Amino acid sequence: MAPDGLMTRRQLRACGLRPGGQPVAAQILWRSRRSKQPRAAYLYRVELAARVREMTPAKAAALDAANRARRTCPACRRDAGYVLPAHLGTCLPCADGIPLAA
């Protein structure tokens, strides 16, 4: 539905681009069936978009550490292999009270 030369953030990202600080060039509005508020898609100019920055080794290490922390159970200190449910705060065996074999 967007004119040529304009893309949404997601479309830019799929092409390896980012808005790069440029202002919104246009927007598409439509009515949502779920909400009475109109929905909006902001469009950016492709020719003004910048390349996505490469991830540095330090940033990749920090991201790995953060994801590992989200998977580590505070009760048994094991890597659950999945992101712990926020409403439980522990892995599923610890939440159920099942002791884990050593």
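Up top is the structure.
Summarised in this report is the structure supplied together with it. (Residues numbered from 1 in each chain as written. Predicted model: local features only at pLDDT ≥ 70, side-chain atom pairs only at ≥ 80, totals over all residues. Heavy atoms only, no water.)

## A closer look at the overall build of the protein
Definition in use: For the purposes of this entry, the term helix denotes a DSSP run of H or I that reaches at least four residues, the term strand denotes a run of E that reaches at least two, and both are numbered from the N terminus. Restricting the calculation to C-alpha atoms gives the radius of gyration, and the globule rule supplies 2.2 Å times the number of residues raised to the power 0.38. Burial here depends on accessible area, computed with a 1.4 Å probe over protein chains only, as a share of the maximum for the residue type. Under 20% is buried, over 50% is exposed, and the range in between is partly exposed. Contact definition: two residues touch when any of their heavy atoms are within 4.5 Å.
Broken down by element type, the protein carries 3 helices and 5 strands. Shown N-terminal to C-terminal, the secondary structure of the protein runs as helices and strands in the order β-α-β-β-β-β-α-α. In summary, the protein has a C-alpha radius of gyration of 22 Å against a globular reference of 13 Å for 102 residues, an excess of more than 25%. Principal axes of the C-alpha set define a box for the protein whose edges measure 60 × 40 × 15 Å. Considering the protein as a whole, with its 102 residues, one finds that 15% of them fall into the buried category. Taking the intrachain contacts of the protein between residues at least 6 apart in sequence as the baseline, contacts between residues at least 24 apart amount to 41%.

## Overview of the pairing of strand β3 (residues 26-31)
Filter applied, for reference: At least two bridges found by DSSP between two strands are what make those strands a pair.
Bridge count for β3 against strand β4 (residues 38-45) is 6 bridges, and the pairing is antiparallel. Following the sheet pairing, Ile 28 is matched in β4 by Ala 41. Between β3 and β4, which pair antiparallel one after the other, the connecting turn spans 6 residues.

## Some details on the sheet that holds β4
Strands sit in the order β1-β4-β3 across an open sheet of 3 strands; the sheet is antiparallel. Taken across any chain shown, the strands that pair with only one partner, and hence form the sheet edges, are β1 (6-7) and β3. Where β1 and β4 come together, 2 bridges link them in antiparallel fashion. The partner of Leu 6 across the bridge, within β4, is Arg 45.

## Let's talk about unusual backbone geometry
Positive phi is not limited to glycine here, since Arg 77 has a value of about 60°. Along the chain, the position of Arg 77 falls in the loop between α2 (57-71) and α3 (92-96).

## Considerations on the side chain of Thr 90
Turning to its location among the elements, Thr 90 is positioned in the loop between α2 and α3. In this structure Thr 90 comes out as buried when scored by relative accessible area, which is 16%.

## Details of the environment of Cys 73
Along the chain, the position of Cys 73 falls in the loop between α2 and α3. Between the C-alpha atoms of Cys 73 and Leu 84, which are 11 residues apart in sequence, the distance is 7.2 Å. Every residue in contact with Cys 73, bar those within four places of it in the chain, is listed here: Arg 78, Leu 84, Thr 90, Cys 91 and Cys 94.

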